[in-house]
Amino acid sequence: MTSPAPLAALAQPPTLTLDMTIVLALVILTVLLFLTDRLRVDVVAIMVMVALPLLGIMDGTDAFRGLASNAVISIIAVVIMGRGLDHTGVISRLMRPLMRLAGRSANRIVILVAGTVAVVSSFMQNVGAAALFLPAIRRLSRHSGVPVSRLLMPVGFSAILGGTVTLVGSSPLIMLNDLIQPFGLEPFGLFSVTPVGLALVVTGIAFFVLGGQRLLPAGTPPEDSGEDLMAWYCDLGCMHELRAPWDKNEELYVQDLIDIYCIQVVALSQKGGRDVLMPPDRAIRIAPGAVLAVIGSPARVNEMAAKHGFTVKRELDVFARAMSDEESGVVEALIPPHSRFIGMTVADIRFRHNHLMAPLAVTRHNKTRYCGFWDMVVRAGDSILMHGSWESFHAMRPRRDILFVQSLDHEVLHPEKAGVAVGAFALSTGLVIATDLALSVCLMTGALAMILGRVLTIDEAYRGVDWRTVFLLGGLIPLGVAMERTGAASWLAGHIMALVGQPAPWVFLFVLGALSTVLTLVVSNVGAVVLLVPLAVDMAAAVGADPRLATLVVALAASNAFLLPTHQVNALYMGPGGYRSADYLRTGLPLSVLFLVVLTVMVSLFY
């Protein structure tokens with residue numbers, strides 16, 4: 001029986017050329033600029049695109065082809081579809097149970113949301129899962145008071161890790177069977193990687209729950225929500241849901257609760273939830289069995305309820321959706337000197353009837369009135385606290401008769417378009433599964449369907465795209481192509497493996513995973529796998545390791561992309577999270593080491 005050929009003979013690296021040297025120097029410079037934050041990452045990526053043709057490595061057409069690549073177009077399409085699903089409240093409905101369970105605990109949020117994203121990511125492109133949940137995570141940050149910088153990186157990393165749970169979770173795993181077929185290796189099944197992938201997902205989530213969040217930037221607390229704003233108005237009270245008795249035909253009007261008990265009625269349903277008025281006019285009579293959402297002190301609410309036979313609930317039921325943070329809230333507004341409301345009484349303005357906003361309190365000269373302000377003549381500088389739907393506030397803003405103190409960054413939801421949004425998303429998903437069309441074509445079809453279905457306008461779609469992400473990926477893709485074309489990637493891989501010598505099989509798997517991790521940072525994850533799978537098969541034979549497992553480690557380690565914002569998910573979340581490249585290095589380094597350890601142990605145990 002012949003002994004295996006020396007490892008150096010099987011993985012002899014190519015001779016270093018001038019083009020290789022230039023490309024490797026450009027890679028080193030790019031990484032250094034990322035780490036120092038001297039320039040924005042998208043500016044660095046644009047510099048790479050321009051430098052490659054200037055240095056004669058590739059022509060201009062190829063250098064800028066990354067902007068029209070499958071990956072970049074797919075990200076644009078997925079972000080548009082995610083914005084459409086969020087615009088119709090679909091994602092909010094999915095997130096609402098998680099928000100109730102998570103409360104205001106950062107660890108519970110990470111466990112529930114990151115776990116959910118990982119599950120979704122195991123059956124679809126991980127950048128798609130990350131993009132779908134981005135708007136909801138922002139709202140969850142406002143709701144919980146946890147800075148978004150403490151949430152996005154754990155969720156983003158979990159989306160990447162979720163791609164290791166099934167064979168269709170990431171592009172390298174999708175390609176793996178095709179790459180190993182020429183070597184006569186047994187193909188992997190859909191769930192062959194599941195034990196390893198689940199262990200990696202649990203490791204990633206546990207890393208952040210058990211202390212990894214301390215490595216994240218503190219960020220800034222989210223802008224005060226309406227609930228926080230109401231805390232400044234200490235005598236206003238809190239939200240209650242009331243039900244009028246069925247057995248009394250008492251003549252009781254909305255204005256009676258406001259004027260007699262100082263209880264502000266912000267919503268009314270005369271039929272128990274099927275007809276919501278938000279807010280109701282003062283002159284409306286409260287019918288037997290009607291349900292009201294009111295804001296008032298518990299003492300006043302209980303006094304009124306006891307006298308008139310109302311049932312009191314502290315938690316909202318009938319109005320849970322209408323009063324949710326996604327639909328409505330409390331804002332503070334100022335009367336500017338040019339307002340046409342100056343000289344009118346609050347009653348004359350009729351905020352409830354004309355503008356669908358319920359005044360809760362009026363402040364003048366640091367004195368606040370919570371009731372009895374209807375006859376007050378409005379003056380410039382008065383502050384009015386109001387409750388209403390975000391749609392009402394957005395409609396009021398262009399008139400400039402009142403100026404809102406808070407920025408109205410809450411998007412107006414259109415649940416009536418939810419069916420169209422879900423249908424467009426299902427269309428794109430069906431095309432991905434049932435056709436051989438490029439991923440970008442399938443996803444852009446869904447995005448176009450949302451625009452044609454009037455879920456979004458084309459301007460809203462443009463505004464939803466983070467162009468920093470587009471140029472970051474568009475600039476790094478040609479750098480990866482240059483690494484492959486010039487042979488720099490093969491030279492780097494060959495030299496690293498030549499240094500290893502003849503290690504034990506488990507050491508070999510660990511080193512192979514580390515090599516795949518390094519190449520994934522500078523070449524695309526697909527490019528790293530294409531380069532390394534042939535090398536891994538030959539090298540495994542030299543050290544007595546299973547070549548099939550070696551290729552599996554290469555494909556799984558291509559998801560170990562936490563050190564730099566070069567992965568699509570990291571690039572997508574970098575801007576919204578306010579992250580720097582150093583944040584990824586500081587947080588991603590220990591997680592990358594854990595990834596390699598868990599990967600090596602699990603592959604050795606289960607295969």
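One numbering rule holds for all chains: residues counted from 1, following each sequence as written. Local features in this predicted model are restricted to residues whose pLDDT is 70 or higher, and side-chain atom pairs enter the listing and the counts only when it is 80 or higher, whereas totals over whole chains, interfaces and linings include all residues. Calculation of side-chain values draws on the structure's entire complement of heavy atoms; hydrogens and water are dropped beforehand.

Student: Help me understand the overall build of the protein chain in this model?
Tutor: Runs of H or I in DSSP of at least four residues are treated as helices and runs of E of at least two as strands, each being numbered from the N terminus. Check the secondary structure of the protein chain and you find 27 helices and 10 strands. Dimensions of the protein chain, computed from C-alpha atoms along their principal axes, come out at roughly 100 × 50 × 45 Å. To sort residues, take the accessible area from a 1.4 Å probe on protein chains only and compare it with the maximum for the residue type: under 20% means buried, over 50% means exposed, and anything in between is partly exposed. Across the 607 residues of the protein chain, 55% fall into the buried class. Taking all contacts inside the protein chain whose residues are at least 6 apart in sequence as the whole, residues at least 24 apart take part in 78%. Summed over its atoms, the accessible surface of the protein chain is roughly 25400 Å², and 62% of this surface lies on carbon and sulfur atoms. Contact criterion: two residues are considered in contact whenever any of their non-hydrogen atoms come within 4.5 Å of each other. To measure how exposed things are, a 1.4 Å probe is used in the Shrake-Rupley method; for residues, cover is taken only from the protein chains shown.

Student: What is the right way to look at the sheet that holds strand β4 (residues 291-296) in this model?
Tutor: By definition, the strands of a sheet pair up through backbone hydrogen bonds, in either a parallel or an antiparallel sense. Any two strands with at least two DSSP-identified bridges between them are counted as paired. In space, the five strands of this open sheet follow the order β3-β2-β4-β1-β5, with antiparallel pairing throughout. Of all strands in the sheet, those with a lone pairing partner are β3 (276-277) and β5 (311-313), marking the two edges. When strand β2 (residues 264-269) meets β3, the two strands line up antiparallel, connected through two bridges. Residue pairing across strands places serine 269 opposite valine 276, the latter belonging to β3.

Student: Sorry if this is basic, but what is going on with the sheet that holds strand β10 (residues 403-404) here?
Tutor: Spatially, five strands are ordered β8-β7-β9-β6-β10 in an open sheet, and the strand pairing comes out antiparallel. Whereas interior strands pair on both sides, the edge strands pair on one side only; in this sheet they are β8 (367-369) and β10. As paired elements, strand β7 (residues 357-364) and strand β9 (residues 383-389) share six bridges and run antiparallel to each other. The residue of β9 that forms the bridge with threonine 363 is serine 383.

Student: Explain the pattern of salt bridges here, please?
Tutor: Throughout this description, the term salt bridge denotes a Lys or Arg side-chain nitrogen within 4 Å of a carboxyl oxygen of Asp or Glu. What the rule picks out here adds up to 10 salt bridges. Across the pair aspartate 42 and arginine 40 runs a salt bridge, and its minimum N-O distance is 2.6 Å. A relative accessible area of 48% places arginine 40 in the partly exposed class.

Student: Quick question: what am I supposed to make of the packing of aromatic side chains here?
Tutor: Only rings of Phe, Tyr and Trp enter the pairing, Trp through its six-membered ring, and a pair is recorded when the two centres are within 6.5 Å. The plane angle decides the type: under 30 degrees is stacked, over 60 is edge-to-face, the rest tilted. A complete count under the given rule lists 10 aromatic pairs for this structure. Judged by centre distance (4.6 Å) and plane angle (50°), the rings of phenylalanine 157 and phenylalanine 562 are tilted. Of this pair, phenylalanine 157 sits in helix α9 (residues 152-162) while phenylalanine 562 sits in the loop between α25 (547-557) and α26 (568-577), and the two are 405 residues apart along the sequence. Centroid distance phenylalanine 341 to phenylalanine 351: 5.7 Å. Interplanar angle 80°. Geometry classified as edge-to-face. You can see phenylalanine 341 sitting in the loop between β6 (328-334) and α15 (346-349) and its partner phenylalanine 351 sitting in helix α16 (residues 351-355), a full 10 residues away along the chain. Grouping residues by exposure puts phenylalanine 341 and phenylalanine 351 together as buried.

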